[in-house]
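Tertiary structure, described
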Amino acid sequence: MLPIQTVRLLSFTCLLAMAMNASAETPGDAANGPIAIAIHAGAGTMNPDEMDRQLEAQIRGTLLEAVQAGHHVLRLGGSSLDAVEAAVKLLEDSPHFNAGRGAVFNSEGKNEMDASIMDGSNLQAGAVAGVHNIRNPILLARRVMTHSPHVMLAGEGAVSFAREQGIEFADDDYFYTERRWQQLQQAKQDADVKSAHADAKYPDRWMSTVGAVALDSHGNLAAATSTGGMTNKRYGRVGDSPIIGAGTYADNRSCAVSATGHGEFFIRATVARDICARVQYQGASLQQATDDVVMGELVRMGGEGGIISVDAKGNLALVFNSQGMYRASVDSAGDIRVGIYKDDAAAGE
Ligand code: ASP
């Protein structure tokens, strides 16, 4: 038998350890709230009859991998910010989507990228616009949020900031994809800024962007969006993706939104903020708010595209007024869905 002092000491040590655990509630420790995540990788004209089946399988595989990467962070008790960053980084690393490695070319044959991220717990946000040779623009956007007093940095200034911050660069070859190059040649022939339809086997004959929204077990929402913008763009054109309130928004009091579509319309309709404002001030459900904005306001204006969103209870809404949207989600019950076309039923549709 143990002497009584030893038993007391052991009990005291156990109690101390329990107390320390209870008070060590830092991001990364598991909490009990619901978790949910959704991602998108662009919306547009997506015709299943034209889709190369092997390519479709690859795209679905990457969407699944990205949503699972984010969900893994959430399951371990990680933050929604880390989850959306992990998912978007993986999509930026894929040549299939218009962000990071697969970014479209501007009229000068360069890849000029935009990205943003927002923390719904404190309304902090970071964004970059018109940056080049940055391997993962989403990491740079987050660095703007955490390591600068600013919200958005653009062009060469943002690139200098990236160098100072030790952000990873990649040379032009890394961003070269034959498909995007052909899209530029076609767009130049058509003298068209929007269209990107040189390669019939790809279904996304438009622009596209990648993004993620998440709710973590601590009740915090986050959103992230990254894009190469529009093929053949000129004059330093910037779309909605890096604009807080247009392409990206997150507020724990309402919801988190990431958008994809014709940026000029999304900017004018302040899409992401409008959805969250309807939830916050009107008491609209997430589904109602997203339907009203994407299928109502945007359609009236002629703006094509879609959004993904999650609210503070873990409800998801994935809504698009285009023919299709690359998307995936894991809802609060753990159900995983991957979709491209209208009739692929993803969570929140
Ligand atoms: N929203 C992006 C932009 O206008 C493009 C897209 O999502 O398709 O730059």
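In what follows, the structure referred to is the one given above.
Residues numbered from 1 in each chain as written. Predicted model: local features only at pLDDT ≥ 70, side-chain atom pairs only at ≥ 80, totals over all residues. Heavy atoms only, no water.

1. Section: the overall build of the protein
The cut-off we apply is this: Helix and strand labels come from DSSP, where a helix needs a run of H or I of at least four residues and a strand needs a run of E of at least two; each type is numbered from the N terminus. Only protein chains enter the accessibility calculation, which uses a 1.4 Å probe. A residue is then buried if its area is under 20% of the maximum for its type, exposed if over 50%, and partly exposed in between. By the convention used here, residues are in contact when the closest approach between their heavy atoms is within 4.5 Å. Accessible areas in this description were obtained via Shrake-Rupley with a 1.4 Å probe; residue shielding takes into account the shown protein chains only.
Broken down by element type, the protein carries nine helices and twelve strands. Across the 349 residues in the protein, those meeting the buried criterion constitute 55%. The contacts of the protein with a sequence gap of at least 6 include a subset with a gap of at least 24, amounting to 68%. Of the accessible surface of the protein, which amounts to about 14,400 Å², a share of 52% is contributed by carbon and sulfur atoms.

2. A look at empty space enclosed by the protein
Selection rule: A 1.4 Å probe that fits into a set of points on a 1 Å grid over the protein atoms alone but cannot get out defines a cavity; an open set with protein on both sides within 12 Å along at least five of seven lines defines a pocket, and lining residues are those with an atom within 4 Å of a point. Grid points are joined across faces, edges and corners, and a volume is the space filled by probe spheres set on the points. Ten residues, namely Ala, Val, Leu, Ile, Met, Phe, Trp, Tyr, Cys and Pro, are considered nonpolar, four, namely Asp, Glu, Lys and Arg, are considered charged, and the remaining ones, Gly among them, are considered polar.
According to the stated counting rule, one finds one cavity of 30 Å³ or more in the structure shown. One number sums up the size of the largest cavity: a volume of about 60 Å³. If you go around the largest cavity, you meet 13 residues; those closest to its centre are T209, T227, G229, R237 and G261. Residues that form the lining of the largest cavity fall into these classes: two nonpolar, eight polar and three charged.

3. Concerning unusual backbone geometry
Leaving glycine aside, a negative phi is the common case for residues, and trans is the common case for peptide bonds. In this model, N232 sits at a positive phi of 70°, which is unusual for a non-glycine residue. Of note, the phi angle at Y235 is positive, near 60°, even though the residue is not glycine. Tracing the chain through its elements places Y235 in the loop between β6 (221-227) and β7 (248-250).

4. A few points about the site of the ligand
Rules: A molecule or strand has a residue near it when one of that residue's heavy atoms lies within 4 Å. Any pair of N or O atoms that falls within 3.5 Å is considered a polar contact. Within protein, one atom must be able to donate a hydrogen and the other to accept it, and sequence-neighbouring residues count only if both atoms are side-chain atoms. Each molecule is checked against the cavity or pocket grid, and it sits inside if more than half of its atoms lie within 2 Å of the grid points.
In the vicinity of the ligand there are eleven residues, among which S208, T209, R237, D240 and G261 approach most closely. Interatomic distance of 2.8 Å between a side-chain N/O atom of T260 and an oxygen atom of the ligand. One of the backbone nitrogen or oxygen atoms of G261 is found 2.7 Å away from a nitrogen atom of the ligand. Mapping the ligand onto the cavity grids shows that it belongs to the largest cavity.

5. Details of the pairing of strand β11 (residues 324-330)
The cut-off we apply is this: Here the rule is simple: two strands pair whenever DSSP picks up at least two bridges between them.
The element β11 is largely enclosed, with a buried count of seven among its seven residues. Burial along β11 is two-sided: G324, Y326, A328 and V330 facing one way and M325, R327 and S329 facing the other are all buried. Examined bridge by bridge, strand β1 (residues 36-44) and β11 share six bridges and lie antiparallel to one another. Counted as the bridge partner of I39 is A328 from β11. The hairpin turn running from β11 into strand β12 (residues 336-341), its antiparallel successor, is five residues long, and G334 in that turn takes a positive phi close to 90°.

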